[in-house]
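# Architecture at a glance
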Amino acid sequence: MTAAAGEAFAESVAIMARLRGPGGCPWDREQSFDSIRKYTLEETYEVLDAIERRDWPNLAEELGDLLLQVLFYAQMAADEGRFTIADVLETLNRKLVRRHPHVFGEEASAAAGNLAFVDADVDGSAARVLANWEQIKGAEKPAAVKGSMLDAVQRAQPALAEAAKLGSKAAKVGFDWGHWRDLLAKVSEETNELVAAVEAREAAEKQIPFGNDRQEKQMQVREHSEVEAELGDLLFTAVNLGRHLGVDAEMALRGTNARFRARFREMELTAAGPLAELPPAELEALWSGAKIKLAALAQSKSGGTGE
């Protein structure tokens, strides 16, 4: 299997080189690092979608599409004389050996560049593995100048993931909520502050002199910024509530989005006419009915009813 994978990978590298080479694909040849970034994000989310749907044949295809992004970046870098796909693989291989002394041995880990002193005897503990990983990782790139410990949290990631990692980092120095119930109180506090900001905006809008467009525009920008900031605080608190509960906020929200799609589709199928023509009370009744029906269907499929 390893030999076959190696041959297939080499063929993929060759195909990518041809697409970018003279006489290759005009579209591929025109692309840059900046132009294909959005496709990398798209392919990542398509991989997540296939996993959530347990669509294994499609997952194999989506993983190939994601791998294509790596090949594309590496080929563009090679075209510019920066690095090659071989450099990418060599860097990855050394990192894997370096950060797994409990698997490859401390000598091999050190030969691969490990500068940290860790106990390779993890005794089957995933927690010890993660602790060693962080220590080895920290020794790889010591800061040249003193900065913030939060600098290690990359900005280039979904905001929900960044919020969780920022909270986790701050918790390491004791700057954290003591219990998840404390975060419920914080959610309530941030909700009240959001309400106050929205009400202040609404009150300010009523006080704008008629015809004063400049003042109105300045007020709208300022008040909108305050509302946005308060909503951000509420979201940050909710993400860290999830962290305390052991729930990944991104995955939780993706699950909610999927349920919303399904329930809304059920509303469309059940309604006697277009949803846009129905009163709010009837829409709410359709929503409640869709929730009950889909929940019962899911329970039946999982065997929860005992049938």
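Above: the structure in question.
Keep in mind that this is a model prediction, so the values were computed, not measured.

### Focus on the overall build of the protein chain
When helices and strands are counted, the protein chain shows 13 helices and zero strands. For the protein chain, the N- to C-terminal ordering of α and β elements is α-α-α-α-α-α-α-α-α-α-α-α-α. Scaling as 2.2 N^0.38, a compact globule of 307 residues should have a C-alpha radius of gyration of about 19 Å, whereas the protein chain reaches 26 Å, well beyond that. Counting only C-alpha atoms and orienting by the principal axes, one finds that the protein chain spans roughly 70 × 60 × 50 Å. Counting only residues that meet the buried cut, the protein chain has 22% of its 307 residues in that class. The contacts of the protein chain with a sequence gap of at least 6 include a subset with a gap of at least 24, amounting to 51%. Across the protein chain, the 36 positively charged side chains and the 50 negatively charged ones have centroids separated by 2 Å.

### Section: the pattern of salt bridges
For the structure on display, the rule yields 14 salt bridges. With a closest N to O distance of 2.8 Å, Arg53 and Asp49 form a salt bridge. By relative accessible area, which is 43% here, Arg53 ends up partly exposed. Measuring nitrogen to oxygen at the nearest pair gives 3.4 Å for the salt bridge that ties Lys186 to Glu190.

### Comments concerning helix 4 (residues 56-79)
Relative to the 34 Å expected for 24 residues at 1.5 Å per residue, helix 4 spans 35 Å between its end C-alpha atoms, a close match to the ideal helical length. Of the residues making up helix 4, those classed as buried are Asn58, Leu59, Glu62, Gln69, Leu71, Phe72, Ala74, Gln75, Met76 and Ala77. Lining the buried residues of helix 4 we find helix 1 (2-20), helix 2 (26-30), helix 3 (37-52) and helix 5 (85-98). Just downstream of helix 4, Gly81 is the residue with a positive phi angle, here 75°.

### Focus on helix 8 (residues 126-140)
When the terminal C-alpha atoms of helix 8 are compared, their 21 Å separation across 15 residues agrees well with the 21 Å that a helix rising 1.5 Å per residue should span. Every buried residue belonging to helix 8 is among Val129, Asn132 and Ile136, and all of these are buried. All buried residues of helix 8 fall inside an arc of 70° around its axis, so they share one side. For helix 8, exposure combined with an orientation more than 90 degrees from the buried face picks out Ala127 and Leu130. Tucked into the core, helix 8 has its buried residues touching helix 5 and helix 6 (101-104).

### So, the packing of helix 1 against helix 4
Look at helix 1 against helix 4: their axes get within 10 Å of each other, and the N-to-C directions meet at 55°. Considering their axes alone, helix 1 and helix 4 lie oblique with respect to each other. Crossing of helix 1 over helix 4 shows right-handed handedness. Residues Phe9, Ser12, Val13, Met16, Ala17 and Arg20 of helix 1 pack against Leu67, Leu68, Leu71, Phe72, Gln75, Met76 and Asp79 of helix 4. Here the contact of helix 1 with helix 4 is built from residues that sort into nine nonpolar, two polar and two charged.

### What to know about the environment of Lys186
Looking at the secondary structure, you find Lys186 in helix 10 (residues 180-206). With a relative accessible area of 21%, Lys186 lands in the partly exposed category. For the pair Lys186 and Ala163, spaced 23 residues apart in the sequence, the C-alpha separation amounts to 15 Å. Discounting residues that sit within four places of it in the chain, Lys186 has contacts with Trp177 and Thr237.

### Focus: unusual backbone geometry
Not every positive phi belongs to a glycine, and Arg54 is a case in point at roughly 55°. Within the secondary structure layout, Arg54 lies in the loop between helix 3 and helix 4. Residues other than glycine seldom take positive phi values, yet Asp123 does so here, at roughly 55°. Mapping Asp123 onto the fold places it in the loop between helix 7 (106-111) and helix 8.

Reading the values: the criteria
Residues numbered from 1 in each chain as written. Predicted model: local features only at pLDDT ≥ 70, side-chain atom pairs only at ≥ 80, totals over all residues. Heavy atoms only, no water. Helix = DSSP H or I, 4+ residues; strand = E, 2+ residues; numbered from the N terminus. Rg over C-alpha atoms; globule rule 2.2 N^0.38 Å. Buried < 20%, exposed > 50% of the residue type's maximum accessible area, 1.4 Å probe, protein only. Contact = heavy atoms within 4.5 Å. Lys, Arg positive; Asp, Glu negative; His and termini not counted. Charge placed at Lys NZ, Arg CZ, Asp CG, Glu CD. Salt bridge = Lys/Arg side-chain N within 4 Å of Asp/Glu carboxyl O. Expected span 1.5 Å × (residues − 1). Arc of directions from axis to C-beta. Axes fitted to C-alpha atoms, helices over the stretch in contact; angles between N-to-C directions. Parallel < 35°, antiparallel > 145°, perpendicular 65-115°, else oblique. Left-handed = near helix turned anticlockwise from the far one by under 90°. Nonpolar A, V, L, I, M, F, W, Y, C, P; charged D, E, K, R; others polar.

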